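Take a look at the letters that make up each chain.
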Amino acid sequence: LPSAVAMNMSGMNMAGVHGKSSPLPKPVFSGALPIPPVYTGVMGRDKVREFHLHMADGHSVLSDGLKTATWGYNGAVLGPALRIPRGQPLRLYVHNHLDQSTTTHWHGAHVPGTMDGGPQSLILPGKTWTYGYTIDQPEATLWYHPHPAGRTGPHVYGGLAGLYLVEDGTDRRLGLPHHWGIDDIPVIVQDRLLDAQGKLVYMPQAMDVMGMKGNRFLINGRESPVLHVPAQWVRLRLLNASNARLYNFALSGDRAFYVIASDAGYLEAPVKVQRLLLAPAERAEILLDLRSLAGNTLALRSDSAAVVPGLSLHPMDSDHFDRSNFDLLEIHVGSATGSAGRLPDHLVAIPTMQADAPSRRFELRGMPMDKMSLAQRALENALHNGPAQMSMGIGRQPLFSINNQYMNMQVINQRLRLGSTEIWEVYNDAEMAHTFHVHGTSFQILSRNGKAPPAYENGWKDTLLIRRAETIRFIAHYGQPAPDDFPYMYHCHMLEHEDNGMMGQFTVS
Ligand code: C2O
Ligand code: CU
């Protein structure tokens, strides 16, 4: 149980602050958007670039006028954006100054299982875990966050997350905006629930099967901030780092924007959209054309309007939106600059892959809703047993399964051959939307219910949203080893689902 995060043990009296029951008054946008610093590391004696990350607690102003106990990397909340040069040897030291054990996982990075920071790589309080590896994968906006078994939800919720920028010079070569915090803007979106004293509240309703959702929206750890940018092409790197909420990103006035990158790399060409749906852990880079908007104000918002024709959400899925529209970030456009920038017609080439092994199928299931309320009551009873029980994870009681198996660290669920390329088929048999994330690789979505995915998903991905009754096929190459004692994970990235059983382990050897 993170000291930073208050759990409401009774599961009651939170109705007044819970998002769905009573939305807060419309927020006033003020205060500059915080920009996480870029951390390039330091070249060590042995020509290995070294990074030090310190996980510790601190205090943050997440919302104007409130002081909140949070967790962060090298600071009170979130963490620096790591600049990871492709092809150079790295060493990363992760120091745990917290009062409990956790891990740090490099989400989307092609690193061996021993370096992946999954549930097996537990860093005890006061200890340091050292990672050494070289990244060789396309330029992309990845991220890092804790991954301890059964406690990933509260640990990320406490504030531990940061960006991991794999760089190989592609953005400069393409003439994309790349001035950090000026025209290249990180946008880490998270929802949080705070009590009147500013304390983070986690899972007030013991077990909302949808997962933890708050009613305040933080961008880079700050509610309702303002971003000042010049009147030119501007790049936003969107990361949905929320535990369980979907965002259907839009600009005020239904202004169009261009998607240039999916989770793990650039698209082949920019895709013009008016809405962009991102599930937890998904990323996208977008370009905004602000050239003619000097002096104007725009809002980056989430709304419930249709995403892509034919790919709308079921009401059970869209419950993730609370069926409402909300502003996330106010964008003030300043005067024009000398270099307006441009929109490239073409970005990168994405190779086509051929499978060379049999496909695998994964079926996602949740407990049926009627049984769910029983389970909920059982959990609420369990919660009365106090923090010791809680620190084992809200879960304890598996609720969500993959192939009718619940996460078990003692079980390897799948064994893959090193160097193989496989098609995985995921079917969502649950009553709500889920996500599916695979460690150690990037994949390409081949089809959603037999049809091509929307154009903005036509690139490298590592996490996907899967609606109820949907079947998705994707292909990936497994080029990094993962042994039995440090297997990779595949799981739902709605963190309370992951913590409650919806995860499996696989080896690559
Ligand atoms: Cu972002 Cu297995 O995690
Ligand atoms: Cu899920």
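Residues numbered from 1 in each chain as written. Chains lettered and ligands numbered in written order. Predicted model: local features only at pLDDT ≥ 70, side-chain atom pairs only at ≥ 80, totals over all residues.

In the nomenclature of an unreviewed UniProt entry, the protein is known as Multicopper oxidase CueO of Acidithiobacillus thiooxidans ATCC 19377. Entered under Subunit (unreviewed entry) in the UniProt record, the comment concerning the protein runs "Monomer." Under the heading Catalytic activity (unreviewed entry), UniProt records this for the protein: "4 Cu(+) + O2 + 4 H(+) = 4 Cu(2+) + 2 H2O". (UniProt positions renumbered as here; feature names shortened; annotations may be inferred.)

A. Main features of the overall build of the protein. Within the protein one finds six helices and 34 strands. For the protein, with 509 residues in total, the buried portion stands at 50%. Counted over contacts in the protein with a minimum sequence separation of 6, partners at least 24 positions apart contribute 81%. (Helix = DSSP H or I, 4+ residues; strand = E, 2+ residues; numbered from the N terminus. Buried ≥ 20, exposed ≤ 12 C-beta atoms within 10 Å, placed from the backbone. Contact = placed C-beta atoms within 7 Å.)

B. Structural detail: the sheet that holds strand β11 (residues 162-167). Spatially, the five strands line up as an open sheet ordered β2-β6-β11-β10-β8, and their pairing is mixed. Looking at which strands have only one partner, the edges of the open sheet turn out to be β2 (38-39) and β8 (105-107). Looking at chain direction, β8 and strand β10 (residues 140-145) are connected through three bridges and run antiparallel. Bridged to His105 within β10 is His145. (Pairing = 2+ DSSP bridges.)

C. Quick peek at the nonpolar core. In this structure, Tyr164, Val189, Val259 and Ile286 are the most contacted members of the largest nonpolar core, which totals 125 residues. Excluding residues within four positions of it along the chain, Tyr164 makes contact with Leu82, Ile84, Trp106, Ala109, Leu142, Trp143 and Tyr144. (Core = buried A, V, L, I, M, F, W, Y, C linked by C-beta atoms within 7 Å.)

D. Fine view of the UniProt feature "domain: Plastocyanin-like" (unreviewed entry) in the protein. Under the feature "domain: Plastocyanin-like" (unreviewed entry), the UniProt entry names residues 60-169, 213-290 and 398-508. Taken end to end, residues 213-290 has its terminal C-alpha atoms 32 Å apart, with 0% of it in helix and 64% in strand.

E. Geometry of unusual backbone geometry. Positive phi values are uncommon outside glycine, yet Asn74 reaches one of about 55°. Positioned with a positive phi, Ala281 is a non-glycine residue whose angle comes to about 80°. Residue position: Ala281 is located in the loop between β21 (276-278) and β22 (283-289). C-beta crowding within 10 Å serves as the criterion here: with 28 such atoms nearby, Ala281 is assigned to the buried category.

F. Local environment of the sheet that holds strand β14 (residues 216-219). Read across the sheet, seven strands follow the order β15-β14-β12-β17-β22-β19-β20 without closing on themselves; strand pairing throughout is mixed. For this open sheet the edge positions go to β15 (222-223) and β20 (265-273), each flanked by a neighbour on one side alone. Bridge analysis of strand β19 (residues 257-262) against β22 gives three bridges, and the strand direction is antiparallel. The residue of β22 that forms the bridge with Tyr258 is Leu287.

G. Looking closely at the confidence of the model for the protein. Per-residue confidence for the protein averages 89 on the pLDDT scale, and 84% of its residues sit at or above 70. Within the model, the stretch residues 6-21 combines pLDDT values under 50 with 35 contacts to residues more than four positions away or in other chains. Confidence over residues 382-396 falls short of pLDDT 50; this stretch has 27 contacts with residues more than four positions distant or in other chains. Here the predicted complex scores 0.92 on pTM and 0.99 on ipTM. (pLDDT = per-residue confidence, 0-100.)

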